[in-house]
Amino acid sequence: MRQMARRGFVAGAAGVVAGVVSTVAIAGDALAAPSRQAGSGRAGAPPRKGGHRVARRELRGMWVATVANLDWPSAPGLTPAEQQAELIGYLDEAVDRRLNAVILQVRPTADALWPSPYEPWAQYLTGVQGKDPGWDPLGTAVREAHRRGLELHAWFNPYRVANHTDPSRLAATHPARMHPDWVLPYGGKLYYNPGIPEVRRFVQDAMLDAVRRYDIDAVHWDDYFYPYPVAGKVFDDDATYAKYGAGFKDKDAWRRDNTDKLVRETAERIKKIKKNVQFGISPFGVWRNAATDPLGSDTKAGVQTYDDLHADTRGWVKKGWIDYICPQIYWNVGFAAADYAKLLPWWSEVVRGTGVDLFVGEALYKAGDPAQPAAWQDPAELSRHLHFAADYDQVRGHVYFSGKDVVTDRIGTMARVVADHYRNRARPPR
């Protein structure tokens, strides 16, 4: 993510090490490849039936981030009418771009964009955490999305509590203040401690409240599990490991098991509540480098989710715990440390035969950003991604980060994607 956004790579001194840029959490999601004959390898050649074009089912999505008011609302403290108008504007934009899904962030920092009995109202609505905004954003989003033929995926962040380390700044009734032993400061932020079983159960309860109450199409998580490494900082869960880590070979294995339990238990609980609600995760794009693990990708990433975030994203797919995986492949074709043209085939092989859908997270926010490599100054870069993906039948769609960039479309990159690949509407995979 970028600042208040996605993760990116910065070339290291040797030109091969990829480093994490930015800090605030925000997730993204995936969109679709052009229709094609299955297995034909020909991009842009939709199958025909009786002489008519048949649209291939594919996800075409965009993330709408609420943390730090990145996308929506544009500022805290707008009137309910203004907030609703902005939200509906994003939904209408999705329709205009021939997208079919919106991934709306509804639990950005252990808070809620619906009247939750577990956590306070998000501060990004009114400017004051816990203050009732006077309307139900998630309920409205679901209703208005479905009216427009869009899926609404509710995007939750499980463990992030605050983008600061001062618990006194949280609402007085915030669970993190009621249970200070649940919280750890790290790298300028507050996190729930994933190693405490009561925490794991609580965050599930808080998220699943929305599944029970609303007709959402999917539960969606981004790339934040254990926090991204911060140089010189220690995530101080030694006492928790001493209490709960018996039987594990080391702390890393115990941490991965904690994350595995969160994923597996949440998946099971979602299906018990509503079988038709999907569970998708959008991880950082690199599971492990091949130099670390022969099963890994041909990359030289400075972050590996298995090792650094204690998130076995490949394992979750292979075990069938999730319905879709949406890796953030946020790098251009030819990028040395993490080449889009190497990562997408790797993920395609990971999902093959598992029944898990592969959607690709696309870095629309990089297009036209002068700080990005030359490839991102070309409006055709993302269109090339979709042409490339069209040769891989495992790819079932694409998701774009983020909503604001879909709307502003700085150099016409999104317009190019629509013109080249989204000439006809398509239904999401189901």
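About the criteria used
- Residues numbered from 1 in each chain as written.
- Predicted model: local features only at pLDDT ≥ 70, side-chain atom pairs only at ≥ 80, totals over all residues.
- Heavy atoms only, no water.
- Pairing = 2+ DSSP bridges.
- Helix = DSSP H or I, 4+ residues; strand = E, 2+ residues; numbered from the N terminus.
- Axes fitted to C-alpha atoms, helices over the stretch in contact; angles between N-to-C directions.
- Buried < 20%, exposed > 50% of the residue type's maximum accessible area, 1.4 Å probe, protein only.
- Right-handed = clockwise from strand over helix to strand, strands pointing away.

Caption draft 1: Spotlight on the sheet that holds strand β9 (residues 189-192). The sheet built from three strands is open, its strands ordered β7-β9-β8 with antiparallel pairing. At either end of the open sheet lies a strand with only one pairing partner, and these are β7 (160-162) and β8 (183-186). Taken over all neighbouring pairs, the strand axes of this sheet differ in orientation by 35 degrees on average, direction set aside. With four bridges connecting them, β8 and β9 associate as antiparallel partners. Bridge pairing links Leu184 to Tyr191 in β9.

Caption draft 2: Up close: the pairing of strand β14 (residues 395-400). Among the six residues of β14, five are classified as buried, and the element is accordingly described as predominantly covered. Where strand β4 (residues 59-64) meets β14, four bridges bridge the pair, whose relative direction is parallel. Counted as the bridge partner of Arg60 is His398 from β14. Taking the sense of rotation as the criterion, the β-α-β connection linking strand β13 (residues 357-362), helix α11 (residues 381-389) and β14 turns out right-handed.

Caption draft 3: How the structure looks around unusual backbone geometry. Along the chain, Trp72 connects to Pro73 via a cis peptide bond; the corresponding omega equals -15 degrees. Relative to the elements of secondary structure, Pro73 occurs in the loop between β4 and α1 (80-96). Following Phe401, the chain continues into Ser402 via a peptide bond in cis, with omega recorded as -5 degrees. Mapped onto the elements, Ser402 comes out in the loop between β14 and α12 (403-408). Backbone geometry places Arg98, a non-glycine residue, at a positive phi of 60 degrees. Unlike most non-glycine residues, His310 shows phi in positive territory, near 55 degrees. Structurally, His310 can be placed in the loop between α8 (305-308) and α9 (313-318).

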